Amino acid sequence: SELASKIHELRLQKLEAFLESARADLKAEADFDNRNWKTLCDVAKAEAKAAARYRQVRAAQERARERINTADSAKEGESSENGEVDAAPSTPRKNRMSKALFAGGEAMKKFQENARLAMAKTVLNEADNNVEKEQQALDEASAAKTKAIADYKN
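Residues numbered from 1 in each chain as written. Predicted model: local features only at pLDDT ≥ 70, side-chain atom pairs only at ≥ 80, totals over all residues. Heavy atoms only, no water.

## Notes on a nonpolar patch on the surface
And step 1. A cluster of nonpolar side chains, L12, L15, F18 and L19, forms an exposed patch at the surface whose accessible area comes to about 380 Å².
And step 2. Residue class for F18 comes out exposed when judged on its relative accessible area of 57%. (Patch = residues over 30% accessible without salt bridge, like charges linked within 9 Å, V, L, I, M, F, W, Y side chains within 5 Å. Areas by Shrake-Rupley, 256 points an atom, 1.4 Å probe, with all protein chains shown as cover. Salt bridge = Lys/Arg side-chain N within 4 Å of Asp/Glu carboxyl O. Buried < 20%, exposed > 50% of the residue type's maximum accessible area, 1.4 Å probe, protein only.)

## Some thoughts on the environment of K147
And step 1. Of note, K147 is situated in helix α4 (residues 113–153).
And step 2. Residue K147 is classed as exposed on the basis of its relative accessible area, which comes to 53%. (Helix = DSSP H or I, 4+ residues; strand = E, 2+ residues; numbered from the N terminus.)

## Remarks on the confidence of the model for the chain
And step 1. Summing up the model confidence of the chain, the mean pLDDT is 82 and the portion of residues at 70 or higher is 75%.
And step 2. Model confidence for the chain, summarised as mean pLDDT per element, is weakest for helix α3 (residues 106–110) at 55 and strongest for α4 at 92.
And step 3. For residues 83–89, every residue scores under 50 in pLDDT, and the model assigns this stretch five contacts once sequence neighbours within four places are set aside. (pLDDT = per-residue confidence, 0-100. Contact = heavy atoms within 4.5 Å.)

## Looking at the pattern of salt bridges
And step 1. What the rule picks out here adds up to eight salt bridges.
And step 2. Between D31 and K27 there is a salt bridge, with the nearest N and O atoms lying 3.2 Å from each other. Here D31 pairs with K27, and both are found in helix α1 (residues 2–81), just four residues apart, close to one helical turn.
And step 3. Given a relative accessible area of 54%, K27 falls into the exposed group.
And step 4. Of the charged contacts, one joins R53 and E134 as a salt bridge, the two residues approaching to 3.2 Å between their closest N and O atoms. Within this pair, whereas R53 is found in helix α1, its partner E134 is found in helix α4, the two being separated by 81 residues in sequence.
And step 5. Judged by its relative accessible area of 37%, R53 falls in the partly exposed class.
And step 6. Within this structure, E16, E20 and R23 form a network of salt bridges that share partners.

What follows is the structure in structure tokens.
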């Protein structure tokens, strides 16, 4: 009977040690899973922000391209008024946009059409550079999200 109680006590100690170890492993696994989930959420938010910035710079790039087109059409319109042949007649919409984009007080009115076109091209070059930079940032964010998803699944 004494031997049986010692065996029973030893079994309980061993069982308790095993259960304690299992609890510690489970807690560590849950903490690890929570960290991976938080990382995945943070990376997904970063990707969404990068995508939003990319869409914004793409829109700015399109606006810059439109400014180039309206500046070109305004320049072509002026050359036809000076007696030269207008190769591509401008539409009323382009003229309105040109007036809206390049009207802005006396300072803008003083610029020659070539200067306006040069400014628009500079803005377009900057927009192209921004698009390239934001595309790279978006690609990196997408790769980080893909890695975070793989880490979370494993």
